[in-house]
Amino acid sequence: MKHWLRLNRLALVRTLGSMVRTPVNTLLNLLVIAIAASFPFGFYLLLSSVAAVTGKVPVEPQLSIFLRNAATPAEIGKLKEQLATDGRVAQVRFVPRDEALKQLQERVGSADLMAGLTENPLPDAFIVTARLGASSAELEQLRDTLARHAGVEEVQLDSAWAQRLERLIALGEVLLQVVVALLAAALALITGNAIRMQILTRREEIEVAKLIGATDIFIRRPFLYMAALQGLLGGLAACGIVAAALSWLNPAVRDLAATYGETFLLRLPNPAEVAVVCAITVLLSLAGAWVAVWRHLRRHH
Amino acid sequence: MIQFQQVSKRYPGGIDAVKQLSFEIRSGELVFLAGHSGAGKSTLLKLIAGIERPTSGAVLVNHQNVSRLSRKALPYVRRHIGLIFQDHKILFDRSVFDNVRLPLDIIGFSGPEVRRRVLAALDKVGLAGKESLNPIALSGGEQQRLCIARAVVHRPAILLADEPTANLDRDYAHDILELFKSFHQVGVTLVIAAHDESLMADYGRRILRLKHGEFTA
Ligand SMILES: Nc1ncnc2c1ncn2[C@@H]1O[C@H](COP(=O)(O)OP(=O)(O)OP(=O)(O)O)[C@@H](O)[C@H]1O
Ligand SMILES: [Mg+2]
């Protein structure tokens, strides 16, 4: 155990030494790793910021059924009955045309809305809340059945935009997975290549060490340290880049949200996310280094 | 200590560097390996260290069949062997001290023990005070001594020296051989390859003469 610690300390010192001796190379490598990692991470934070907004919007979708002025009480009664027995419907509220007008006047804050009109132009309506978790295909089907009903003028699916946003976020999540997979592969290749360059500059040392009794583990160790350190620093730098970029975007985002009367800011990385990002970059970097050393040792056996 | 049983080595390209060799070197022996260029001296030493594997036959070192050892086990056998390479294999990106400490790092020595052993080895070969130089600043003979220091710093039981006196003048070569004699006196098993047999005569030891990969009388 002591022996093992000693070997590791030695390898770590060697690693730091060689990274400090080639500062430009080290910095360039870190920057490449940081930029590659900052793309998916920044994308993820954007997505989670937007998803948080959609969480505030009521998700149970509503349908407004506007009735024909000429609808007979029998037709209305039949519709009511159907709504009461339909499994997709959670709640029904009837809004008579007079009440709708009153609500509208209150909202607009003007009594002379009716000036020039002789008659209330609003129809009677049912406000239907659909069962929670109904898919949008189901909702559209429900809308179509209701629209075909006698006495119904028009059916509006109110939550269409929220559904659309949810779909967009779902799409963004798939896209995120693709970006993560691609950039993870890129990251492993980049770090693997950086380690390969290190191996090449030290191949004489590796050769001599092997000839005089070094194990593969001994040879691999300093490169794994280098990779881990590179991954850690690269991951931290990525978090820094993302935090800086989002902070830079935020004033503009806040102004945009203000025009909708909302307060909204993009979320900055939290410590847990920073830890996860660093863990991922370290693991990918280690994987790349492992393969690079393995290939070298296999070729030069 | 070292035993060859019907050992042959054919390199890719069809050259038989070593043909059906059988011999034994006992513990603590000092053996010279003589022969012209291309006779197979380096190949024989590499077979002992497990750097090359025989095409047929068995190479036993300390009763272990080196030619059959796994990739994992081989390094541990090499640690009992000190190697002086024909092409030196000095690392010019580090000091004399750091060249010599390499075997100790591999075995896992640390702290003051490393420094003590490295300085003792350098002192033994006559390079005391040169530990912080870059090896490029050493003369050819001094570089040869550096190789010897690196080969003995971890006190191996077997020392294999491939042309340790090449390109050195006679007096200097004798100094080096005296050095090997002193290792022999403390019980190290030595195999020294050289093509100049006149040097060996002065030491009156066992000489294995190679020609085209076979022993001659
Ligand atoms: N790696 C190799 N691949 C192919 N042939 C080789 C290899 N190494 C040595 N040989 C051949 O094997 C034969 C013996 O070589 P070896 O190096 O053992 O000779 P040597 O006695 O050490 O010669 P020298 O005194 O020049 O060092 C030579 O003909 C050489 O060309
Ligand atoms: Mg040779």
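Residues numbered from 1 in each chain as written. Chains lettered and ligands numbered in written order. Predicted model: local features only at pLDDT ≥ 70, side-chain atom pairs only at ≥ 80, totals over all residues.

## Looking at the domain arrangement of chain B
Residues and elements named next belong to chain B. As far as domains go, chain B holds domain 1 (2-80 + 156-216) and domain 2 (92-154). The centre of domain 1, based on its C-alpha atoms, is set 23 Å off from the matching centre of domain 2. Between domain 1 and domain 2, the residue contacts involve ten residues of the former and nine residues of the latter. If you tally residues by element for the side of domain 1 that touches domain 2, the top one is helix α6 (residues 170-185), at four residues. A per-class count over the side of domain 1 that touches domain 2 returns eight nonpolar, one polar and one charged. (Domains from an automatic or database assignment. Contact = placed C-beta atoms within 7 Å. Helix = DSSP H or I, 4+ residues; strand = E, 2+ residues; numbered from the N terminus. Nonpolar A, V, L, I, M, F, W, Y, C, P; charged D, E, K, R; others polar.)

## Brief notes about the pairing of strand β9 (residues 206-211) of chain B
Across a regular strand the side chains alternate sides, sitting on one face of the sheet and then on the other. All names here are of chain B. Pairing between strand β3 (residues 30-34) and β9: four bridges, direction parallel. Across the sheet, Phe 32 pairs through a bridge with Ile 207, a residue of β9. If you look at the hairpin formed by β9 and strand β10 (residues 214-216), you'll find two residues sitting between the two strands, and His 212 has a positive phi there, around 50°. (Pairing = 2+ DSSP bridges.)

## So, the site of ligand 1
The local shell around ligand 1 holds 14 residues, among which Tyr 11, Ala 17, Ser 37, Ser 42 and Thr 43 of chain B are the closest. Partitioned by chemical class, the residues of the shell around ligand 1 number four nonpolar, nine polar and one charged. (Near = placed C-beta within 6 Å.)

## Description of the interface of chain A and chain B
Size of an interface: often given as the accessible area lost when the parts come together. Listed as interface residues are 14 residues of chain A and, on the opposing side, 13 residues of chain B. Within the residue set of the side of chain A that touches chain B, elements represented by two or more residues are α1 (2-21) and α7 (203-211) of chain A. Here the side of chain A that touches chain B gets five residues from one element, more than from any other, and that element is α7 of chain A. Grouping the amino acids of the side of chain A that touches chain B by side-chain chemistry returns eight nonpolar, three polar and three charged.

## What to know about the sheet that holds strand β3 (residues 125-130) of chain A
All names here are of chain A. Reading across from one edge, β2-β3-β1-β4 is the order of the four strands in this open sheet, with antiparallel pairing throughout. In this open sheet, the two strands that pair with only one neighbour each are β2 (89-95) and β4 (152-157). The sheet shows a mean angle of 20° between the axes of neighbouring strands, taken without regard to direction. With five bridges joining them, strand β1 (residues 62-67) and β4 adopt antiparallel strand pairing. By the bridge assignment for β4, Phe 66 is matched with Glu 154. (Axes fitted to C-alpha atoms, helices over the stretch in contact; angles between N-to-C directions.)

## Structural notes on helix α1 (residues 41-49) of chain B
Residue and element names in this part refer to chain B. Counting buried positions along α1 yields nine of nine residues, so the element is predominantly enclosed. All of the buried residues along α1 are Lys 41, Ser 42, Thr 43, Leu 44, Leu 45, Lys 46, Leu 47, Ile 48 and Ala 49. Looking at the residues trailing α1, positive phi occurs at Gly 50, about 75°. (Buried ≥ 20, exposed ≤ 12 C-beta atoms within 10 Å, placed from the backbone.)

## Looking at the domain arrangement of chain A
Taken as a whole, chain A is organised into domain 1 (2-57 + 163-299) and domain 2 (62-158). Between the C-alpha centres of domain 1 of chain A and domain 2 of chain A there is a distance of 54 Å.

## A look at the confidence of the model for chain B
The share of residues in chain B with pLDDT of 70 or more is 99%, and the mean pLDDT across the chain is 92. Confidence estimates for the predicted assembly give a pTM of 0.75 and an ipTM of 0.92. (pLDDT = per-residue confidence, 0-100.)

## Re the sheet that holds strand β8 (residues 189-194) of chain B
Residue and element names in this part refer to chain B. With respect to topology, six strands assemble into an open sheet ordered β6-β7-β8-β3-β9-β10, the strand pairing being mixed. Edge positions in the sheet fall to β6 (81-84) and β10, since each has one partner strand and no second. Each strand of the sheet is rotated relative to its neighbour by a mean of 25°, with strand direction disregarded. Where strand β7 (residues 158-162) meets β8, five bridges bridge the pair, whose relative direction is parallel. Paired with Leu 159 across the two strands is Leu 190, which belongs to β8. With respect to the sheet, α6 is in contact with β3, β7 and β8, its orientation differing from that of β8 by roughly 155°.

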